[in-house]
Amino acid sequence: MDALLLTVFLFLIPVFFLLTRRKKSSERLPPGSLGLPIIGQSLGLLRAMRANTAEKWLERRITRYGPVSKMSLFGKPTVFIHGQAANKFVFNNDGTSFTSQQPESTRMILGDRNILELSGEDHKRVRSALMFFLKPESLKRYVGKMDEEIRNHLEMHWHGKQKITVLPLMKNLTFNIICSLLFGVERGPRRDELIECFRQMIEGLWSVPVNLPFTRYNQSLKASKKVQKMLKELVCEKRVQLEQKTTSPLQDLVTCLLNIRNINNEEELTENEILHNIMVVMVAGYDTSSVVITFLLRLLANEPAIHAAVLQEQEEIARSKSSGEFLTWEDLSKMKYTWRVTMEILRTTPPVFGGMRTAIKDTEYGGFLIPKGWQVFWAIPMTHNDGSIFPEPSNFDPSRFENQASVPPYSFVAFGGGSRICPGYEFARIEILVSIHYMVTQFTWKLCADNKFSRVPMPCFQKMIEGMWSVPVKLPFTRYSQSLKGSKRVQDIIKDLISEKRIELEQKIASPLQDLITCLLSSRSDNNGKVMTEKEILHNIMLVMVAGHDTSSVVLTFLLRLLANDPVVHATLLQEQEEIARSKSSEELTWKDLAKMKYTWRVVMETMRITPPIFGGFRSALKDIEFDRFLIPKGWQIFWAMPMTHMDDDIFPEPSKFDPNRFENQASTPPYSFVPFGGGPRKCPGYEFARIEILVAIHYMVTQFTWKLCADNNFSRDPMPVPTQGLPIKITPRKAC
Ligand code: HEM
């Protein structure tokens, strides 16, 4: 018995110490809550990012819990730290206390030998190989090449255009620069294919890693395989060229990496390391500089004084060059004011919000424990908006970077710091400065739409639409679930809009007929004088958005396809539209002009007969009904399909023939036969709206452009009819627009 007691006692001693030690550690854990299992605070942070209030969200936590707090992000316990000292702590302890932390999806898509996954000696080796190309001494010789790419971009996408959308164009520009300088892939089909696959690949980079046929992650993995295959071929070609001395080791990043040798004269990086790091550089260089240039253009449109000062600096440089001469490294060093403006953009809207590290051992910060395996989250804006470092931080003031030495260390961290500081800094600087040089000296611009921004890569409305016709399985990775999330965001935005409009109506700043929302807010029921509820307005606005979005766009797409394939119809339609155009000076089209577009509308009708955007619809039987001697029981669905009537040769002889003239005498079309807009009390109320938008759009398209189809002509139903390749066309302006 004594022996038993002694054994139990001896067993309990370590357990006691373990428990008390654990208790002490947990007492030293930072304050805060880990929230719900798995979800934690992830949704809150993501929602705040989308609403562009992530800084405020974090500030609220700081007010509540102090400078160091715990939370749970993306399924892992996390310690949030911020400020200059926190930045220093994270940057200086990389490799000793922390390791870089990427989501599983990133590792699988970009490859496990990419620099973000590496630590210690491997990280140093790969980084110094990348830096061999990305250091200023090497990059100096590529300014001219960058210049050529940017001028080309402006020639193709800016000149001759009245309106452009900046962000997608800037992404296109930065990708083209990467292709040219980093991979030596010149313009042409190979570059186009690479761009397409790359876009698909990055879609799923931050997605939930569930590899099922319909997930984004799965699509992204497939695209990543294609990109890797293409890059592998490229690496092989470059290797042969280097061996045959038909290319120089300094030609581009790939040749540079292949040429670096270790002490045994073997390639310093393995094939996988080269591949995975080319991929990471593609991703890192694509989204960052493009965002900075976009925000610079927005700022220059809003701030005439800053624009004037940038222009003056750039014009002086332009005057010192002969026509067609490329910018040089020396020219860039003269762009001091422009770079200060860029730094202030990077301070106020850093493209990278912050980063994550994983603790590789128990570590202490600010008197609290960061347990081994936990994440550390550091956020750049918290330092950039610190008034003790940058006085009046919400003022946009480039002069704060006049004396850069006066900016305290670890305070301006848009490019990170320490051993993982962004190696693309100089590359980004060149592309931003050269782009701005040509943009300000060759163009002026004004903003068309609103100025707001959020931190979401995907437009939420598009996401909502994508899931409309999906199977309603609410799991985190399904289209349906993405769509529900998109819908929530859209609802939030519309709710805000309704509130704003309600105030504007009350204050009589807006008229009841201003738009659909003001109209619905002002409307009263004929029967009882009741107004619509907030929910009714919200849900019906959403419905109108969906109903009006996919339908007219599909009709216009199929019209363009038809007009490219049928020269006779095109010529007749063009003649009608040109007559109308000739009767006008530069004024806008009117209701009367639309009434003259008789032949065009017949073409539209025939397009909708053959390819109705809506396939059909469902009704639910409220009671047992009989149709054609059969019973449709109460509660059953009725499915009616439009094409069956539109293709009925008793009604439309030779139904597969495209013949707009069958609508010459519309009264001759039997009732209930041509039903693209439905019929009865539920007939589409957007009929006239669609008519106007289609006719106005087609008027300007045919009078200003000619076009040819590039790819195949097939289409499928998703459930709307969609050309399988989105209908790429080659357009040529007919006359100066
Ligand atoms: C304005 C443009 C850019 C900004 C603001 C930016 C920002 C950053 C930041 C903050 C980090 C560190 C993240 C961390 O420590 O967790 C980083 C890392 C990195 N950046 Fe950039 N970046 C920019 C452009 C580029 C370009 C053009 C390239 C490539 C040509 C590039 C390649 C990389 C790579 C490879 C890393 C990982 C470095 C490592 O782990 O050692 N970046 N960037």
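Overview of the structure. (Residues numbered from 1 in each chain as written. Predicted model: local features only at pLDDT ≥ 70, side-chain atom pairs only at ≥ 80, totals over all residues. Heavy atoms only, no water.)

The immediate surroundings of the ligand are formed by 25 residues, with His123, Arg127, Arg357, Arg420 and Cys422 found nearest. At 2.9 Å, a side-chain N or O of Arg357 approaches an oxygen atom of the ligand. In this structure, Arg420 approaches the ligand through a side-chain N or O atom, which is 2.9 Å from an oxygen atom. Sort the elements by how many residues they give to the shell around the ligand and helix H13 (residues 271–302) lands first, with six residues. (Near = heavy atom within 4 Å. Polar contact = N/O pair within 3.5 Å; in protein donor to acceptor, adjacent residues only side chain to side chain. Helix = DSSP H or I, 4+ residues; strand = E, 2+ residues; numbered from the N terminus.)

Relative to the elements of secondary structure, Leu205 occurs in the loop between helix H10 (189–203) and helix H11 (216–243). Separated by 15 residues in the primary sequence, Leu205 and Ser220 have C-alpha atoms spaced 7.2 Å apart. Non-local contacts of Leu205, meaning those with residues more than four positions away in its chain, are made with Ser105, Thr106, Ile109, Leu110, Ser220 and Val283. (Contact = heavy atoms within 4.5 Å.)

For the rest of this paragraph, the subject is unusual backbone geometry. Even without glycine at this site, Asn265 takes up a positive phi of about 60°. Inspection of the secondary structure assignment puts Asn265 in the loop between helix H12 (253–259) and H13. Residue classification places Asn265 among the exposed positions, given a relative accessible area of 54%. Despite not being glycine, Tyr410 has its phi angle at roughly 60°, a positive value. Considering the arrangement of structural elements, one finds Tyr410 in the loop between helix H17 (380–384) and helix H18 (425–442). Note on Tyr410: relative accessible area 27%, which makes it partly exposed. (Buried < 20%, exposed > 50% of the residue type's maximum accessible area, 1.4 Å probe, protein only.)

So, about the pattern of salt bridges. Taken as a whole and judged by the stated rule, the model has 33 salt bridges. The residue Asp94 makes a salt bridge to Arg420 at a minimum N-O spacing of 3.2 Å. Of the two residues, Asp94 sits in the loop between helix H4 (84–92) and strand S3 (98–100) while Arg420 sits in the loop between H17 and H18, which places them 326 residues apart along the sequence. Relative accessible area serves as the criterion here: at 14%, Asp94 is assigned to the buried category. Note on Arg420: relative accessible area 13%, which makes it buried. (Salt bridge = Lys/Arg side-chain N within 4 Å of Asp/Glu carboxyl O.)

For the iron atom of the ligand, the protein supplies a single donor, Cys422 (SG), at a distance of 2.3 Å. Within the fold, Cys422 resides in the loop between H17 and H18. (Donors = N, O, S within 2.8 Å, 3.2 Å for Na, K, Ca; no water.)

Our next topic: empty space enclosed by the protein. Taken as a whole and assessed by the stated rule, the structure comprises one cavity of 30 Å³ or more. Taken together, Val185, Arg190, Leu194, Met230, Leu231 and Leu234 make up the lining of the largest cavity. Listing elements by their share of the lining of the largest cavity, those giving two or more residues are H10 and H11. Element by element, the count of residues in the lining of the largest cavity is highest for H11, at three residues. In terms of residue class, the lining of the largest cavity is made up of five nonpolar, no polar and one charged. (1 Å grid on protein atoms, 1.4 Å probe; cavity = no way out; pocket = protein on both sides within 12 Å on 5 of 7 lines; lining within 4 Å. Points joined across faces, edges and corners; volume = space filled by probe spheres on them. Nonpolar A, V, L, I, M, F, W, Y, C, P; charged D, E, K, R; others polar.)

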